[in-house]
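# Breakdown of the fold
Spelled out from the first residue to the last, the chains are:
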Amino acid sequence: MLEPFKEPIFVTKPLLPDIDELHKMLELIWESNQLSNNGAMVKQLERELSGYLGLDQLSVFSNGTVALQIACKALRLSGEVITTPFTFAATAHSLAWNNIKPVFCDIEEDTFNLNPDCIEALITQNTTAILPVHVFGNPCNVEKIQRIAEKYGLKVLYDAAHAFGVKVNGKPIASFGDASMFSFHATKIFHTIEGGALAFNDPYLKERADSLRNFGIRGTDYVMEPGTNGKLNEVQAAVGILLLPKVEAEIEKRKEITKQYGQLLGNVSGITVSKDMPGVTHNYPYFVIRIDKDKYGLSRDEVFDKLKEYNVISRKYFYPLCSNYQCYSDIPSASVSRLPVANKIADTVLALPLHGRMQADDVEKICDIIKGIMP
Ligand SMILES: *Cc1c(COP(=O)(O)O)cnc(C)c1O
């Protein structure tokens, strides 16, 4: 009989900067007397992120959700936008906050990403854009999506919240589409406690987004449009500057753990583990399995509850689907019968603990528990 873990093993643990290094950065900020409003730390972080990610037009924001809302405004989206229901609440909510109607499109069974073959049937006269998500850092079918967007004159805004540092055939993930949003929330691989970024492929869009994150102020005596407050502050930018050099090692460690999980769970009947995609540089943000109740013997919800008894805190990412939230379920495209794959995936996925400070023994024990609870 396996013993539960003595302390809970959470699904993630945030990357932390060295506290003495952070103290030195705080002294610099204190000396400058500038705590916010595009100060030296924010400018340095934007420069270093542009370099690391290989992007020219990048701005940081107070969080990923505000960044996405601002991107919708900068791109002048309106009417209807086609998006995925298999995502975090922020994706669809950012549209709703801009008075845009989300139109939900079904997903692919293997990548959990928006299925490009289902997009065209949803396009109407009111459609202005496609908002796909690189779910769990796995790139969408960017080429097919681009072709559809060009055919119908639509913008493409990617929610790349999970995809920090991901590359497709050596190209940065944010080089696809008109704009991409990264989230720098503490639970993400790279973070600024709370924070986010937008990458654009058009310098004009960056200028517009920079003004929108600062109330629409364009000059000392000139306010152009109703912007919002989406500014990152200097202390958070300092955290980002200190964490950026640690990201590579964190991804490497997570890659090892992902490999170990894959080896230990790959042959368990009724459990599907995700695999690397050809040509893709992955970042390993989550380790997500699918559970087939008929073969494994327990449903996803039963596994979630059992793991909790052993002090293993997993997460049902993403359940419920955005299309099943009370605020969206009345939209015609949200009906369960139109989203068969998304509904099936949402009922069977489970994210297991994954972070750089996990030990090989922890992973082995979690896998032993998953095998041990099988009826
Ligand atoms: C984390 C996340 C966001 C929003 O990020 P915040 O920075 O927390 O506002 C948006 N979309 C997805 C898919 C996310 O996982």
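As a convention, each chain's residues are numbered from 1 in the sequence order in which they are written. Residues qualify for local features only when their pLDDT is at least 70, as the model is predicted, and side-chain atom pairs are given and counted only at 80 or more; totals for whole chains, interfaces and linings, by contrast, use all residues. Calculation of side-chain values draws on the structure's entire complement of heavy atoms; hydrogens and water are dropped beforehand.

### Section: the packing of helix α2 (residues 40-53) against helix α7 (residues 234-243)
Angles run from 0 to 180 degrees between N-to-C directions of axes, and those axes are lines fitted to C-alpha atoms, restricted for helices to the stretch in contact. The secondary structure listing takes helices from DSSP runs of H or I that are at least 4 residues long and strands from runs of E that are at least 2 residues long, numbered from the N terminus. Between α2 and α7, the shortest axis-to-axis distance is 8 Å and the interhelical angle comes to 35 degrees. Crossing geometry of α2 relative to α7 is assigned as left-handed. Counted together, Ala40, Met41, Val42, Gln44, Leu45 and Glu48 of α2 and Glu234, Ala237, Ala238, Gly240 and Ile241 of α7 form the full contact between these two elements. The residue classification treats Ala, Val, Leu, Ile, Met, Phe, Trp, Tyr, Cys and Pro as nonpolar and Asp, Glu, Lys and Arg as charged. All others, Gly included, are polar. Grouping the constituent residues of the contact of α2 with α7 by class yields 7 nonpolar, 2 polar and 2 charged. By convention, the crossing between two helices is left-handed when the near helix turns anticlockwise from the far helix through less than a right angle, and right-handed when the turn is clockwise. Pairs of residues are marked as contacts when any of their non-hydrogen atoms sit within 4.5 Å.

### Overview of the pattern of salt bridges
Each reported salt bridge corresponds to a side-chain nitrogen of Lys or Arg within 4 Å of a carboxyl oxygen of Asp or Glu. All chains considered together, the criterion is met by 13 salt bridges. For glutamate 207, the salt bridge identified is with arginine 218, shortest N-O distance 3.3 Å. On the criterion of sequence distance, the pair formed by glutamate 207 in helix α6 (residues 203-212) and arginine 218 in strand β10 (residues 217-219) is long-range, its members being 11 residues apart. Each residue's exposure class comes from its accessible area (1.4 Å probe, protein chains only) as a fraction of the maximum for that residue type: buried when under 20%, exposed when over 50%, partly exposed otherwise. Judged by relative accessible area, which is 29%, arginine 218 ranks as partly exposed. Where salt bridges share partners, they join Glu46, Lys206, Asp210 and Arg213 into one cluster.

### Quick look at the side chain of glutamate 250
Position of glutamate 250 among the secondary structure elements: in helix α8 (residues 247-265). Excluding anything up to four places from it in sequence, glutamate 250 contacts Leu15, His355 and Gly356.

### Observations regarding the site of the ligand
Summary of the distance rule: residues count as near a molecule or strand when at least one heavy atom falls within 4 Å of that molecule or strand. Taken together, the neighbourhood of the ligand is formed by 15 residues, with Thr65, Asp159, His162, Ser183 and Lys188 sitting nearest. Side-chain atoms alone can form a polar contact between residues adjacent in sequence; in general such a contact is a pair of N or O atoms within 3.5 Å, and within protein one must be able to donate a hydrogen while the other accepts it. Separating an oxygen atom of the ligand from a backbone N or O atom of glycine 64 is a distance of 2.8 Å. Every accessible area reported is derived by Shrake-Rupley at a probe size of 1.4 Å, with residue values counting cover from the shown protein chains alone. Against a free-state accessible area of 380 Å², the protein chains account for coverage of 93% of the ligand. Looking at the shell around the ligand, the elements with two or more residues in it are α3 (64-74), α4 (89-96) and β8 (179-183). Classifying every residue of the shell around the ligand gives 4 nonpolar, 9 polar and 2 charged.

### Topic: the sheet that holds strand β6 (residues 167-168)
Strand pairing within a sheet occurs via backbone hydrogen bonds; the two strands may be parallel or antiparallel. Pairing within the open sheet is antiparallel, and its 3 strands lie in the order β7-β6-β13. Looking at which strands have only one partner, the edges of the open sheet turn out to be β7 (171-172) and β13 (280-281). Two strands make a pair as long as DSSP finds a minimum of two bridges between them. Strand direction decides the pairing type here: β6 and β7, joined by 2 bridges, are antiparallel. Residue pairing in the sheet places valine 168 in a bridge with lysine 171 of β7.

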